[in-house]
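Notes for the structure review
Listed below, chain by chain, are the residues.
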Amino acid sequence: MDFAGPYPLEAAASHLPPSTIRAAEVSAADAVVAADLVLCAHKRQVEYAMDLMRRLRPDQQPTGPRFALVPFGIQPRGSNRPAQRVRDGALRVVWPGGLWDWLDPLIAVTALSTCTTPVTIDFWGARNPDPRAPAATRASAVVDLAKRLGVEERVFLTDWIDADRFDRELAGFDLAITFDDAGPEATHAFRTRLLHALAVGVPTLATTGEYVADLAASRGAGWTVPPNDPDALATMLTRIATTRDAIEQASAQALTLAAEFSYDDLVSPLADWLRQPGQARPRAAPTAHERVRRALRRGLR
């Protein structure tokens, strides 16, 4: 089971109906209990998975299941950034991912209105190209707030950036940002968008508490700010833009940190398990219903 994105927490952070959140938790707990191996990005996710088992399936806990820490990996591509980073005297900032309901892009727009240095922000992922995907309600909220605060000329929205040009366009910015309310979803998340930025040498600025954001800040590859504090964010943006060589120094650290997230190294726990896979719990004999279902599947092939 891949548990690197704990979806019940995303459902809760999106303020979905309690019944929907409960169904997501039960589904996740069932999958964790049934899995022979559960893949997590970091130990916080392991703790959350075990908590779901204890709360929702205390009578079905296996002797395992076994957990493997296999975070999202990436191949560092080196920096393709222009030598002169801050163009036309403005700090170019990008929000390199979707405007999901559990994130807080509005704090960035609010910070622009009080920032004492020129800053522009490009928000990516305003519209998913998949027609089945729900609309990003935060996109319209970003536009409305920018107009109300008089910063619409410094805020840009892009529907979607295709994978074949994602890294190239991302490398053209000075700073990558993402913000949230520092709730349970953020605590257990692993923001792959930040890792993408680090891999092309773009430093990060994000809310304190998320795993990748805190790691980047601790290694000098980025900065963090408290949740729900646009004044602190405005101050930090000004500091980054006006501190000599701040971006360049953080960029070098970003590439160094990203090199530690190579798939070749990260998949070792999974590779080791695959050499000797084992069941976390004995399998019960299939029911009559299950035997019929399997027979129908074989017939359909």
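Above this text sits the structure in question.
Below, the structure is looked at part by part. No experiment lies behind these values; they were computed from the predicted model shown.

1. Quick notes on helix α6 (residues 163-170)
Listing the buried residues of α6 in full gives Phe 166, Asp 167 and Leu 170. All buried residues of α6 project into a common sector of 80 degrees when viewed along the axis, lining one side. Turned more than 90 degrees off the buried face of α6, the exposed positions are Asp 164 and Arg 168. Structurally, α6 contributes buried residues whose contacts are with β3 (91-95), β4 (119-124) and α8 (192-199).

2. Re the side chain of Thr 204
Within the secondary structure, Thr 204 is located in strand β7 (residues 204-207). Excluding residues within four positions of it along the chain, Thr 204 makes contact with Leu 175, Ala 176, Leu 194, Ala 197, Leu 198, Ala 216, Ala 221, Gly 222 and Trp 223.

3. Quick look at the side chain of Arg 191
Along the chain, Arg 191 turns up in the loop between α7 (184-188) and α8. Taking the relative accessible area as the measure of exposure, Arg 191 reaches 7% and is therefore buried. Separated by 2.9 Å, the side chains of Arg 191 and Glu 185 make a polar contact. In contact with Arg 191, other than residues within four places in its own chain, are Trp 102, Leu 103, Thr 178, Asp 180, Glu 185, Ala 186, Glu 210 and Val 212.

4. Here we look at the layout of surface pockets
Of the pockets and cavities examined, the largest pocket occupies roughly 630 Å³. For the lining of the largest pocket, the secondary structure elements donating two or more residues are α7 and α8. Tallying contributions element by element places α8 first for the lining of the largest pocket, with 3 residues. Of the residues contributing to the lining of the largest pocket, the split by class is 19 nonpolar, 8 polar and 6 charged. As a volume, the second largest pocket reaches approximately 220 Å³. Lining of the second largest pocket is provided by Ser 14, Leu 99, Trp 100, Asp 101, Trp 102, Gly 125, Asn 128, Ala 133, Pro 134, Ala 135, Ala 136 and Thr 137.

5. Notes on the pattern of salt bridges
Under the definition given, this model contains 11 salt bridges. Salt-bridge contacts for Arg 55 lead to Glu 25; the nearest nitrogen and oxygen are separated by 3.8 Å. In this pair, Arg 55 is assigned in helix α3 (residues 43-56) and Glu 25 in helix α2 (residues 18-34), connecting sequence segments 30 residues apart. Of the residues examined, Glu 25 reaches a relative accessible area of 16% and is grouped as buried. Between Asp 272 and Arg 275 there is a salt bridge whose closest N-O contact spans 2.6 Å. Pair noted here: Asp 272 and Arg 275 are both in helix α13 (residues 268-275), with a separation of 3 residues, about one helical turn. By relative accessible area, Asp 272 is classed as partly exposed at 48%. Look at Arg 275 and you get exposed, because its relative accessible area is 62%.

Thresholds applied
Residues numbered from 1 in each chain as written. Predicted model: local features only at pLDDT ≥ 70, side-chain atom pairs only at ≥ 80, totals over all residues. Heavy atoms only, no water. Buried < 20%, exposed > 50% of the residue type's maximum accessible area, 1.4 Å probe, protein only. Helix = DSSP H or I, 4+ residues; strand = E, 2+ residues; numbered from the N terminus. Arc of directions from axis to C-beta. Contact = heavy atoms within 4.5 Å. Polar contact = N/O pair within 3.5 Å; in protein donor to acceptor, adjacent residues only side chain to side chain. 1 Å grid on protein atoms, 1.4 Å probe; cavity = no way out; pocket = protein on both sides within 12 Å on 5 of 7 lines; lining within 4 Å. Points joined across faces, edges and corners; volume = space filled by probe spheres on them. Nonpolar A, V, L, I, M, F, W, Y, C, P; charged D, E, K, R; others polar. Salt bridge = Lys/Arg side-chain N within 4 Å of Asp/Glu carboxyl O.

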